[in-house]
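What follows is each chain in one-letter form.
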Amino acid sequence: MDFATSECELVYADGDMAGHGKKEGIGERFDGFMDETAETDKFLIDAVEHCVKDLNMDKDDLLFELANGITGDYYPTPSRCLTNTEAILNEFLVTALFNGKEPEKGTDIFPTEGGSAAMTYIFHALNHNRLLKPGDKIAIGTPIFTPYLEIPDVNNYGLVPINVVSDEAHNWDIDEEELNKLKDKDIKAFFLVNPSNPASHALSSHTLDALEEVVSENPDLIILTDDVYGTFVEGFESVYSRLPYNTILVYSFSKLYGATGWRTGLVAMSRDNVCDHLLSKLSEEDKKALWDEYAIAVPDPSSMKFIERLTADSRSIGLYHTSGLSTPSQIFMDIMALSHTTYEKDEYIELANATVNERYIALMDALGIDKDLSGENAEYYTIVDINAMIGEQYGSDFAQWKHENISDLDFLNDLAQKKGVVLMYGPGFDAPEGSVRISLANLYTEDYVEIARRIRELLDEYYTEFEAEALQEAA
Ligand SMILES: *Cc1c(COP(=O)(O)O)cnc(C)c1O
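(A) Structural detail: the pattern of salt bridges. For the coordinates displayed, the defined rule picks out 29 salt bridges. The residue K305 makes a salt bridge to D276 at a minimum N-O spacing of 3.2 Å. Placement of K305 in the loop between α12 (284-294) and α13 (306-313) and of D276 in helix α11 (residues 274-280) is noted, with a sequence separation of 29 residues between them. Among the residues examined, K305 registers a relative accessible area of 26% and is labelled partly exposed. On the basis of relative accessible area, D276 is assigned to the buried category, the value being 17%. What you see here is one network of salt bridges that share partners, running through K419, E450, R453, R454, E457 and E461.

(B) Structural context of the packing of aromatic side chains. For the coordinates displayed, the defined rule picks out 23 aromatic pairs. A ring pair is formed by F3 and F30, whose centres lie 5.5 Å apart and whose planes are at 75°; its orientation type is edge-to-face. Residue F3 is located in helix α1 (residues 2-11), and its partner F30 is located in helix α2 (residues 26-33); the two are separated by 27 residues in the primary sequence. A network of ring pairs unites the aromatic residues F92, Y251, F253, Y257 and Y348 as a single cluster.

(C) Quick peek at the sheet that holds strand β6 (residues 187-193). With respect to topology, seven strands assemble into an open sheet ordered β3-β9-β8-β7-β6-β4-β5, the strand pairing being mixed. Two strands close off the open sheet at either side, each with one partner strand: β3 (107-113) and β5 (160-165). Taking the axes of each pair of neighbouring strands and ignoring which way they run, one obtains an average angle of 20° across the sheet. Where strand β4 (residues 137-142) meets β6, four bridges bridge the pair, whose relative direction is parallel.

(D) Spatial organisation of the nonpolar core. Ranked by size, the top nonpolar core spans 53 residues in total, and within it F92, L93, L97, F232, Y251, F253 and L266 carry the most contacts. Broken down by element, this core gets its largest block of residues, six residues, from helix α5 (residues 83-96). Summarising the domain contributions, this core has at least three residues from each of domain 1 (101-324) and domain 2 (347-474). Residue contacts for F253: discarding those within four places in its chain leaves L89, F92, G258, A259, T264, L266, M333, M336 and A337. Core analysis: the second largest hydrophobic core is formed by 42 residues, A118, M119, I122 and I307 among them.

Quick notes on the rules
- Residues numbered from 1 in each chain as written.
- Predicted model: local features only at pLDDT ≥ 70, side-chain atom pairs only at ≥ 80, totals over all residues.
- Heavy atoms only, no water.
- Salt bridge = Lys/Arg side-chain N within 4 Å of Asp/Glu carboxyl O.
- Helix = DSSP H or I, 4+ residues; strand = E, 2+ residues; numbered from the N terminus.
- Buried < 20%, exposed > 50% of the residue type's maximum accessible area, 1.4 Å probe, protein only.
- Phe/Tyr/Trp six-rings, centres within 6.5 Å; stacked < 30°, edge-to-face > 60°.
- Pairing = 2+ DSSP bridges.
- Axes fitted to C-alpha atoms, helices over the stretch in contact; angles between N-to-C directions.
- Core = buried A, V, L, I, M, F, W, Y, C linked by side-chain atoms within 4.5 Å.
- Domains from an automatic or database assignment.
- Contact = heavy atoms within 4.5 Å.

Pasting the structure below:
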């Protein structure tokens, strides 16, 4: 930021006013400005060198984009994504989410105001461009982040949801029978969160193989995968890198970097993708209607790709020329991405994973529940089946009594009011009755031990009630 400001003053400075920077020689000035012995400067020097050497970027061009972007003195140009930024984000996706696999046709990226905006824009653009029509069946991988259950519903998109269920018995993976539902060509789209929220499990590589099979029988299926938690699973592989043609990817920097306030996420799509194919197959009537709308923004809408339409739609088409994520936010995304890609090892990600792992183990041990330490478990959230826990630890008679006398919501209310612990209601995510979701992202390890202690304390109180009633009945 200091360097970017000095660049502005270089060209023009009058009182508190300064000009735009200039590209010529900016690389050399950057080298002169930075202090190798300061930690932050050293990272910036290394990151720029990495981009120039490994991503073949022009140093002046890159630094001009970074400096201009951080000062935010131009509209985002190109609107969808700054040029070097797109390459930086691409490298991040390949190493962090695609297990090193580079999609053959290349990936277009649209940075957005967080994953939430990405989702909103995608739902809207699919509907608006008639790729999903009222009455179309869409498959939803459940349990899932609640808005995914609600958005298709509340916006009157008229979509018919079909649940593709994963459960604890299958280690929160999707079994073949459920996956086979997607072979039905009437199912136009499949929405999933992977690794899932709330169950926090990634699809196994076996399931990814099976998904590839299924899609070969329903080749026009649109898959929307939200991989916000991907980096919490070592060696994670996105559905996108297996099926780039069919898949729209949503990623957010919010969770890994604890940066929800920045609102930094993205939409990524292969340059060769099913949405563009489906646009070309629309009826002449639909094409004409859309052509008329997009013609206010571009000279020839017939060649306008879906991801560009999505960008235009994010500003009601009319304001396409001022669309795009704020440039300082894009540059901040570059910095987060480069902190992962610049060096051989990303110590931050390792620390983040170790941190949630430690909390998970502390919680499960304190609850006396079996841990799942499989590679697919992201351990960012966990679903705890309280009823199953009661059955195992207090016996089936008490489990039956609890089932008859205390509803799931009573339990959550009691836990909140008497014990000061607020947990999320599992069925709200389409998870089983009697389950709760516990986030491992927000508190310190000892807090999770305390949460477990209070849950057990409440259950013990119920048990005392149950025993008293049993005594009364016996008397
Ligand atoms: C938190 C979350 C989001 C929202 O991400 P933002 O970038 O904060 O908007 C999207 N998807 C899932 C699955 C999430 O858990």
